[in-house]
Amino acid sequence: MNVEAYNLIIDTISTLLTAKQFKPVDLEDGSYFTNGTLAVRVQYAPSSELFTLEQTTMVDDIPSTDWKVLSSWIFAKNDDLKTAKSIANDFEDTLRELLGVKPTVVANAALPTKGNPGDDPTPVTLAGRFLTIFPQFKEKHPQYMAANGNFLYVLFFEELAVPHLGDLLDQNDKKRLEKFFDILKHTFCNGDKESRSVVSDVILAGALRDQPKRMETAQKYLESYPHLKIAAEFAVKVKPQKAVPYKAPKSINKINK
C-alpha cells in the first residue's frame with residue numbers, strides 16, 4: 001500500500017473529526033477515531049485495491065465488529081497522490097454528511113469554467129459544462145466551495161447532477177438528456193481516471209443503480225455513446241463492496257501523531 005496516500009487521507013479527515021471531538025486510537029490490530037459513541041476508520045484491502053471509509057458504534061468503549069462501509073475507492077499500484085487527494089476529499093464530504101457538518105462556503109466563489117478547446121476534461125470542467133446547460137443550479141455552486149478554496153465536486157454532483165439526471169430520465173426529456181449524456185461522454189472518453197470515476201461511479205451509478213426504468217430509458221440514448229453505455233451497465237451492476245479486513249502496520253499509523 002502507498003503509505004503517503006494513507007497518511008494524506010488520514011491527515012485530511014482528522015481535522016474534521018478532531019473538531020467534532022473524535023480522538024485517535026492506535027492499536028496493534030489497526031487504528032480508528034472515536035467520540036465515545038461512534039468509531040470511524042480508514043482501511044485498505046490489498047486484494048481488491050480498495051480504500052474504504054468505515055463506521056461502527058462503540059460498545060463498552062470498544063468498537064463493534066459490525067463495521068459499515070460509508071465510501072470506497074479503488075487505489076491501484078500505479079495511482080498517485082492526486083487520486084489519494086480525491087479519495088480524501090470524498091471521505092471528508094462523506095463524514096460531513098454523517099456528522100451533519102456543513103462546510104464553510106465562499107459566497108463569491110467564481111463559477112467553474114468549461115475549459116479551453118483541446119484541454120483534457122476534469123471534474124471541474126465537467127461542473128462548468130453542467131452549469132452551462134443547466135444554469136438554474138448556478139446559484140447553488142457556492143455551497144460546494146469550502147473556505148480553503150477546495151471545490152467539493154463529489155458532493156456537488158451527488159446532490160445536483162444525480163437527482164437532475166434522474167428527473168430528466170423520468171420525464172424522458174430528449175433534448176436535455178442528449179446534452180447531458182454528451183458532456184458525460186466527452187469527460188469519460190477524454191478525461192483522466194478521476195474524471196471517469198466521477199462520471200461512472202458518482203453520476204451514472206447514482207442515477208441508474210436500482211432504477212430499471214431509468215436504465216431502460218438511458219440505454220436508448222447511450223446507443224450513440226458505446227463507451228458510456230458500457231460504463232453505465234457496469235455501474236448499475238457493481239454494488240458497494242465491503243473491504244477485506246486489513247491490519248495496518250505500525251509504520252503507517254500516523255493518526256496518533
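1. Focus: the environment of Asp 11
Here is step 1 of the chain: Within the secondary structure, Asp 11 sits in helix H1 (residues 3-19).
Here is step 2 of the chain: The exposure class assigned to Asp 11 is partly exposed, which follows from its relative accessible area of 36%.

2. Concerning the environment of Leu 8
Here is step 1 of the chain: The topology assignment puts Leu 8 in helix H1.
Here is step 2 of the chain: On the basis of relative accessible area, Leu 8 is assigned to the partly exposed category, the value being 22%.
Here is step 3 of the chain: Separated by 76 residues in sequence, Leu 8 and Ala 84 place their C-alpha atoms 7.1 Å apart.
Here is step 4 of the chain: In contact with Leu 8, other than residues within four places in its own chain, are Leu 81, Ala 84, Lys 85 and Ala 88.

3. Considering the pattern of salt bridges
Here is step 1 of the chain: One pass over the structure, following the stated rule, counts eight salt bridges.
Here is step 2 of the chain: With a shortest N-O distance of 2.8 Å, Arg 41 and Glu 54 are connected by a salt bridge. Taken together, the positions of Arg 41 in strand E3 (residues 38-45) and Glu 54 in strand E4 (residues 50-59) put the pair 13 residues apart, joining distant regions of the chain.
Here is step 3 of the chain: Take Arg 41: its relative accessible area is 19%, and that puts it in the buried class.
Here is step 4 of the chain: The salt bridge partner of Arg 176 is Asp 173, with a shortest N-O separation of 3.3 Å.
Here is step 5 of the chain: Judged by relative accessible area, which is 17%, Asp 173 ranks as buried.

4. Focus: the packing of helix H4 (residues 153-171) against helix H6 (residues 193-208)
To describe two helices that pack against each other, one gives the angle between their axes and the distance between the axes.
Here is step 1 of the chain: Two elements in contact, H4 and H6, have axes whose closest approach is 8 Å; the angle formed by their N-to-C orientations is 45°. In terms of their interaxial angle, H4 and H6 are classed as oblique. As H4 runs across H6, the sense of the crossing is right-handed. Two secondary-structure elements touch here, H4 through Tyr 153, Val 154, Phe 157, Glu 158, Ala 161, Val 162, Leu 165, Gly 166 and Leu 169 and H6 through Glu 194, Val 198, Val 202, Ile 203, Gly 206, Ala 207 and Leu 208.
Here is step 2 of the chain: Among the residues forming the contact of H4 with H6, the class breakdown is twelve nonpolar, two polar and two charged.

Calculation rules
Every residue gets a number counted from 1 within its own chain, in the order that chain's sequence is written. For this predicted model, a pLDDT threshold of at least 70 governs which residues receive local features, and a threshold of 80 or more governs which side-chain atom pairs are given and counted, while totals over whole chains, interfaces and linings are taken from all residues. With hydrogens and water excluded, all non-hydrogen atoms of the structure serve as input to the side-chain values. Numbering of helices and strands runs from the N terminus, with a helix taken as a DSSP run of H or I at least four residues long and a strand as a DSSP run of E at least two residues long. Three labels apply to residues, based on accessible area from a 1.4 Å probe with only protein chains included: buried if under 20% of the type maximum, exposed if over 50%, partly exposed otherwise in between. Between two residues, a contact is recorded if the distance between any of their heavy atoms is within 4.5 Å. Here, a salt bridge means any Lys or Arg side-chain nitrogen found within 4 Å of an Asp or Glu carboxyl oxygen. Orientation is described by axes fitted as lines to C-alpha atoms, over the contacting stretch for helices, and by angles from 0 to 180 degrees between their N-to-C directions. Angle categories: roughly parallel below 35 degrees, roughly antiparallel above 145, roughly perpendicular from 65 to 115, and oblique for all the rest. By convention the crossing between two helices is left-handed if the near helix lies anticlockwise of the far one by an angle smaller than a right angle, and right-handed if it lies clockwise. Classification convention: Asp, Glu, Lys, Arg as charged; Ala, Val, Leu, Ile, Met, Phe, Trp, Tyr, Cys, Pro as nonpolar; all other residues, Gly among them, as polar.

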